[in-house]
Amino acid sequence: MIGPRSSGVLLHPTSLPGGRLGPEAYAFTDWLAASGQTWWQVLPLGPPDDHGSPYRSASAFACWDGLLADPEAPVSGSEIDRFAARHAFWAQDWSDLAGQVRFEREWLALRAYAARRGVRILGDLPIYVAPGSVDHVAHPELFQEGEVAGVPPDEWSDTGQLWGNPLYDWAALRATGYRWWVERFRRTFELFDAARVDHFRGFVSYWAVPADAHVALDGRWRRGPGRELFDAVSAELGALPLVAEDLGVITPAVDRLRDELGLPGMAVMHFLLTGMHDPLAVPELRVAYTGTHDNDTSRGWWSHQHEAVRAFARDVAARAGIGEEDPAWLLTELALRSPAALAIVPAQDLLSLGSEARMNTPGRESGNWRWRLEPGQLDAALAARLRRSAQASGRAA
């Protein structure tokens with residue numbers, strides 16, 4: 001999936017200065033190319049919820065017309081008909097197909113431009129759908145009743161996270177040959193060159209919480225579909241260019257499924273360094289991150305760490321010949337110098353921004369998904385600096 005040793009930047013389109021797929025998106029693509037980057041990672045493109053979360057979208061298939069640069073562009077009836085025919089599995093459940101036609105125009109034009117500049121798009125596939133989403137309403141037979149999604153206590157919460165998403169009825173999905181999932185992956189690969197599968201461990205076993213519970217502590221583990229699902233999808237779609245988000249409570253069975261499928265997992269500098277694990281010793285089949293959209297920025301993370309963690313990070317960096325004083329760039333250099341085939345750095349870390357620029361705090365309902373670049377913030381000097389680092393680590397495009 002990853003190809004030659006490479007790197008990229010995590011920046012959702014809503015974080016562009018205009019928050020849309022307009023000139024700023026093309027300018028960012030140019031900036032990535034100038035920086036020697038191969039990948040632009042985005043978050044899910046579906047319509048976000050009332051709090052701005054793209055992980056609780058009204059549709060697992062539709063894209064958000066709020067990203068459009070020209071939401072009033074004319075659309076003919078024949079264009080809508082052709083779109084509906086190409087997306088027959090889900091289009092009948094979505095009312096505003098004109099917006100989807102406009103999105104397809106703008107997104108495919110941007111992707112084609114990015115491809116010409118040597119930039120590929122890494123998307124994000126949430127495992128669950130939102131309660132009350134069109135998917136939940138249109139296919140109630142594919143979901144359980146009485147229990148909802150969450151995770152047990154983890155590094156983000158002592159009582160776990162109660163997500164509240166409907167859980168799949170995997171037996172019902174199996175009876176259909178996993179058709180819903182086949183079509184969802186098909187749609188994913190129409191939009192992206194590759195995709196990160198969110199909460200990959202949920203395909204092995206998932207945390208089911210009683211629907212009337214107030215905290216996720218009351219949940220229990222249930223068995224997921226495992227490899228059978230991915231085999232069904234790949235039998236129809238071919239090789240699956242995916243990254244497994246394998247963070248959280250990971251078991252040998254999760255590692256085994258990831259490795260059997262040949263998928264790269266994730267190596268996050270924040271977690272490795274907190275656990276005193278050497279980021280320069282991660283396997284090649286990994287995607288190295290400083291932090292993700294759910295983490296604090298690296299500067300914010302550093303400010304809350306014990307001196308022992310900071311000293312460990314400096315020692316590892318010194319062994320690699322990294323003399324960086326700025327904590328965000330120290331972690332950036334560690335991610336780039338790691339053996340991982342791909343390294344991704346959030347734009348906030350390249351700008352060495354503090355916690356005020358954090359994208360999301362899991363468990364906090366409001367105040368997330370709001371950070372935006374200021375015009376000109378990603379300038380030529382920063383592009384040159386990132387290109388030098390990419391070249392030094394053998395990742396420059």
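Predicted model, so just to flag it, every value in this text is computed and none were measured. (Residues numbered from 1 in each chain as written. Predicted model: local features only at pLDDT ≥ 70, side-chain atom pairs only at ≥ 80, totals over all residues. Heavy atoms only, no water.)

Got a sec to walk through the overall build of the protein chain? Specific residues and values, please.
Counting its regular elements, the protein chain contains 15 helices and 12 strands. What you see for the protein chain is a C-alpha radius of gyration of 21 Å, in line with the 21 Å of a compact globule of 397 residues. Seen through its C-alpha atoms, the protein chain measures out along the principal axes to roughly 55 × 50 × 40 Å. The buried share of the protein chain, reckoned over its 397 residues, is 56%. For the protein chain, long-range pairs separated by at least 24 residues make up 72% of all intrachain contacts whose partners lie at least 6 apart in sequence. Accessible surface for the protein chain amounts to roughly 15900 Å². Of this, 51% is attributable to carbon and sulfur atoms. (Helix = DSSP H or I, 4+ residues; strand = E, 2+ residues; numbered from the N terminus. Rg over C-alpha atoms; globule rule 2.2 N^0.38 Å. Buried < 20%, exposed > 50% of the residue type's maximum accessible area, 1.4 Å probe, protein only. Contact = heavy atoms within 4.5 Å. Areas by Shrake-Rupley, 256 points an atom, 1.4 Å probe, with all protein chains shown as cover.)

Would you mind going over the nonpolar core in detail, with residue names and values included?
Side chains that are nonpolar tend, in soluble globular proteins, to be buried together. Ranked by internal contacts, the top residues of the largest apolar core, which has 74 residues, are Phe28, Trp31, Trp40, Trp107, Leu273 and Trp371. The contacts of Leu273, once residues within four sequence positions are left out, are Pro279, Trp301, Val309, Phe312, Ala313, Leu331 and Leu334. Counting 40 residues, the second largest nonpolar core, distinct from the first, contains Phe61, Phe83, Tyr168 and Ala195. (Core = buried A, V, L, I, M, F, W, Y, C linked by side-chain atoms within 4.5 Å.)

Please set out the sheet that holds strand 4 (residues 143-151) residue by residue, giving values where relevant.
Read from one edge of the open sheet, 4 strands run 5-4-7-8, paired in antiparallel fashion. Every other strand in the sheet has two partners, leaving strand 5 (161-168) and strand 8 (220-223) as the edge strands with one partner each. Across the sheet, the axes of successive neighbouring strands diverge by a mean angle of 50°, strand direction being ignored. Both strand 4 and strand 5 contribute to a ladder of 4 bridges, which runs antiparallel. (Pairing = 2+ DSSP bridges. Axes fitted to C-alpha atoms, helices over the stretch in contact; angles between N-to-C directions.)

Give a detailed account of unusual backbone geometry, specifying residues and quantitative values.
Within the chain, Tyr178 stands out as a residue other than glycine whose phi angle is a positive 60°. Tracing the sequence through the fold places Tyr178 in the loop between helix 6 (170-175) and helix 7 (179-191). Even without being glycine, His199 reaches a positive phi, approximately 50°. Tracing the chain through its elements places His199 in the loop between strand 6 (194-197) and strand 7 (205-210). Given a relative accessible area of 8%, His199 falls into the buried group.

So what about the packing of aromatic side chains? Which residues, and what values?
This structure, assessed with the given rule, holds 29 aromatic pairs. Here the aromatic rings of Phe28 and Trp31 are separated by 6.2 Å at their centres, their planes lie at 10°, and the arrangement is stacked. With Phe28 and Trp31 both in helix 1 (residues 23-34) and 3 residues apart, this pair spans about one turn of that helix. With a centroid separation of 5.8 Å and 45° between ring planes, the pair formed by Phe200 and Phe230 is classed as tilted. Here the residue Phe200 occupies a position in the loop between strand 6 and strand 7, and Phe230 occupies one in helix 8 (residues 227-237), the gap between them amounting to 30 residues. Of the two residues, Phe200 and Phe230, both sit in the buried class. Here the guanidinium or amino end of Arg385 rests over the ring plane of Trp329, the centre of that ring lying 3.9 Å away. (Phe/Tyr/Trp six-rings, centres within 6.5 Å; stacked < 30°, edge-to-face > 60°. Lys NZ or Arg CZ within 6 Å of the ring centre and 35° of its normal.)

I'd like a rundown of the sheet that holds strand 1 (residues 6-10), residues and numbers included.
Picture the strands of a sheet paired through backbone hydrogen bonds; they go either parallel or antiparallel. Here we have 8 strands laid out as an open sheet, ordered 9-6-3-2-1-12-11-10, and parallel in their pairing. Edge positions in the open sheet fall to strand 9 (242-244) and strand 10 (265-268), since each of these has one partner strand only. The sheet shows a mean angle of 25° between the axes of neighbouring strands, taken without regard to direction. Both strand 11 (residues 286-289) and strand 12 (residues 342-346) contribute to a ladder of 3 bridges, which runs parallel. Within strand 12, the residue paired with Val287 across the bridge is Leu342. The strands touched by helix 7 within the sheet are strand 3 (120-125), strand 6 and strand 9, with strand 3 carrying the most contacts at an inclination of about 150°.

Worth remembering: the numbers are spatial, not functional.
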